[in-house]
Amino acid sequence: QVQLVESGGGLVQAGASLRLSCAASGRTFSTMGWFRQAPGKEREFVSAISCIGRNPYYADSVKGRFTCYRDSAKNTQYLQMNSLKSEDTAVYYCAARTGGLSNNIRDYSYWGQGTQVTVSS
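Quick caveat: nothing in here was measured; it's all calculated off a predicted structure.

So, how was this worked out
Residues numbered from 1 in each chain as written. Predicted model: local features only at pLDDT ≥ 70, side-chain atom pairs only at ≥ 80, totals over all residues. Heavy atoms only, no water. Pairing = 2+ DSSP bridges. Helix = DSSP H or I, 4+ residues; strand = E, 2+ residues; numbered from the N terminus. Polar contact = N/O pair within 3.5 Å; in protein donor to acceptor, adjacent residues only side chain to side chain. Salt bridge = Lys/Arg side-chain N within 4 Å of Asp/Glu carboxyl O. Buried < 20%, exposed > 50% of the residue type's maximum accessible area, 1.4 Å probe, protein only.

Here's the deal with the pairing of strand 3 (residues 18–25)
For a regular strand, side-chain orientation follows a simple rule: the groups alternate between the two sheet faces.
In step 1: As judged from the five bridges shared by strand 1 (residues 3–7) and strand 3, these two strands associate in the antiparallel manner. Of the residues in strand 3, the one forming a bridge with Leu4 is Ala24.
In step 2: Bridge count between strand 3 and strand 8 (residues 76–81): six bridges; the pairing is antiparallel. The residue of strand 8 that forms the bridge with Cys22 is Gln77.

Side note on unusual backbone geometry
In step 1: The backbone phi angle of Asn75 is positive, close to 50°, even though this residue is not glycine.
In step 2: Along the polypeptide, Asn75 turns up in the loop between strand 7 (66–71) and strand 8.
In step 3: Its identity is not glycine, yet Ser83 carries a phi of approximately 50°, on the positive side.
In step 4: Assignment of secondary structure puts Ser83 in the loop between strand 8 and strand 9 (90–97).

What about the side chain of Arg36?
In step 1: Summarising the element assignment, Arg36 is placed in strand 4 (residues 31–37).
In step 2: A polar atom in the side chain of Arg36 sits 2.9 Å from the side chain of Tyr92.

Description of the pattern of salt bridges
In step 1: The tally for this structure, following the rule as stated, stands at four salt bridges.
In step 2: Measuring nitrogen to oxygen at the nearest pair gives 2.9 Å for the salt bridge that ties Arg36 to Asp88. In this pair, Arg36 sits in strand 4 while Asp88 sits in the loop between strand 8 and strand 9, placing the two residues 52 residues apart along the sequence. Take Arg36 and Asp88: they sit in the same class, and that class is buried.
In step 3: For the salt bridge of Asp60 with Lys63, the shortest nitrogen-to-oxygen distance reads 3.0 Å.
In step 4: Among the residues examined, Asp60 registers a relative accessible area of 66% and is labelled exposed.
In step 5: Each of the salt bridges in this network shares a partner with another, and the network as a whole consists of Arg36, Glu44, Arg65 and Asp88.

This is how it looks when you write it as structure tokens:
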């Protein structure tokens, strides 16, 4: 059974940092990504990274502040979030697919349950 389990969310002040983790089980994936959904908004792309961990791909809104990386031995991906802003408040979802890098939500077949990140200003 394939599972993606996120952890690491929480409540922080603006300017702080958080690191999210997503542990995959049941199989390995070519691409793992992060998406987020703020209240009243559609789920949006945050980042994606390949199985070898090179050339991660970021949404413009997080570029320069967020870093995603993978530990293949642990079948886990991480999202290091620095300089957090109030507009980063959302439920963050881990996603995975067997194809290449993509920012399209419909390309991802596997999803975690989400972890809440709240940034107070």
